[in-house]
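Inside the fold
These are the residues of each chain, in order.
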Amino acid sequence: MSDSDLKPRLQPRTKVEKPKLYRVILLNDDFTPREFVVLVLKGEFRLDEASAEKVMMTAHQKGACVVSVYPKDVAETKATRAIDAAQRLGYPLQFTVEPEE
Ligand code: TYC
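Residues numbered from 1 in each chain as written. Predicted model: local features only at pLDDT ≥ 70, side-chain atom pairs only at ≥ 80, totals over all residues.

1. Remarks on the UniProt feature "domain: Adaptor protein ClpS core" (unreviewed entry) in the protein chain
According to UniProt, the "domain: Adaptor protein ClpS core" (unreviewed entry) feature falls on residues 17-96. A distance of 25 Å separates the end C-alpha atoms of residues 17-96, which is 54% helix and 22% strand. (UniProt positions renumbered as here; feature names shortened; annotations may be inferred. Helix = DSSP H or I, 4+ residues; strand = E, 2+ residues; numbered from the N terminus.)

Structure (structure tokens):
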């Protein structure tokens, strides 16, 4: 048994909460070019080429795909920036943000 097991704690243990994580989800549409979706996934979400292609194709075929998980403010900022970039070019690309269980 070590010394520290016997000493009373002077300060109450501080509870450290794990920050909640949020999923950013890419939604399919019929108009946004595939190459643009890949560009946004690489530029805003820092996915490499292969991952960006995979995520884009999954959304294209299944309707939606999880891009990544982040703390709430980061998830919302990235989703908003990606939507704005698409909107500037007239594309209806959408992302949603939802809490992880
Ligand atoms: N479905 C689009 C097309 O055929 C491409 C696309 C893929 C758009 C994934 C959005 O999340 C998306 N041009």
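2. Quick word on helix α1 (residues 34-45)
The terminal C-alpha atoms of α1 lie 16 Å apart, and with twelve residues this matches the ideal 16 Å at 1.5 Å per residue to within 8%. Among the residues of α1, Val37, Val40, Leu41, Glu44 and Phe45 are the ones counted as buried. Take α1 and look down its axis: the buried residues cluster within an arc of 100 degrees, on one side only. The positive-phi residue at the C-terminal boundary of α1 is Arg46, with phi of around 60 degrees. (Expected span 1.5 Å × (residues − 1). Buried ≥ 20, exposed ≤ 12 C-beta atoms within 10 Å, placed from the backbone. Arc of directions from axis to C-beta.)

3. Describing the site of the ligand
Near the ligand there are 13 residues, and of these Leu26, Asn28, Thr32, Ala59 and His60 occur at the shortest range. Those elements that provide at least two residues to the shell around the ligand are β1 (21-27), α1 and α2 (49-62). Among the elements that line the shell around the ligand, the one with the most residues is α2, at three residues. Of the residues assigned to the shell around the ligand, the class counts are seven nonpolar, three polar and three charged. (Near = placed C-beta within 6 Å. Nonpolar A, V, L, I, M, F, W, Y, C, P; charged D, E, K, R; others polar.)

4. Some details on unusual backbone geometry
Positive phi, close to 60 degrees, is recorded for Arg46, a residue that is not glycine. Owing to 11 C-beta atoms within 10 Å, Arg46 belongs among the exposed residues under this scheme.

5. What about the sheet that holds β1?
On the basis of which strands lie adjacent, the open sheet formed by three strands has the order β2-β1-β3 and antiparallel pairing. Only two strands of the sheet have a single partner each, and these edge strands are β2 (64-71) and β3 (94-99). Within the sheet, the average angular offset between the axes of one strand and its neighbour, ignoring direction, is 25 degrees. The pairing of β1 with β3 spans six bridges and is antiparallel. Note that in β3 the partner of Arg23 across the bridge is Glu98. (Pairing = 2+ DSSP bridges. Axes fitted to C-alpha atoms, helices over the stretch in contact; angles between N-to-C directions.)

6. Looking at the nonpolar core
Leu41, Val55, Met56 and Val67 are the most contacted members of the largest nonpolar core, which has 18 residues in total. Among the secondary structure elements, those contributing two or more residues to this core are β1, α1, α2 and α3 (72-88). With residues up to four places along the chain from it excluded, the contact list for Val55 reads Leu26, Leu41, Leu47, Cys65 and Val67. (Core = buried A, V, L, I, M, F, W, Y, C linked by C-beta atoms within 7 Å. Contact = placed C-beta atoms within 7 Å.)

7. With respect to the pairing of β1
The side chains of a regular strand alternate, residue by residue, between the two faces of the sheet. Side-chain alternation along β1 places Tyr22, Val24 and Leu26 on a buried face and Leu21, Arg23, Ile25 and Leu27 on a face that remains uncovered. Across seven bridges, β1 lies against β2 in antiparallel orientation. Directly across from Ile25, in β2, lies its bridge partner Val66.

8. Comments concerning α3
Over its 17 residues, α3 extends 24 Å from the first C-alpha to the last, a length consistent with the 24 Å expected when each residue adds 1.5 Å. Of the residues making up α3, those classed as buried are Ala75, Lys78, Ala79, Ala82 and Ala86. Angularly, the buried residues of α3 cover 95 degrees about the axis, an arc narrow enough to put them on a single face. Opposite the buried face of α3, by more than 90 degrees, sit the exposed residues Asp73, Asp84, Gln87 and Arg88. Those residues of α3 hidden inside the fold are in contact with β1, α1, β2 and β3.

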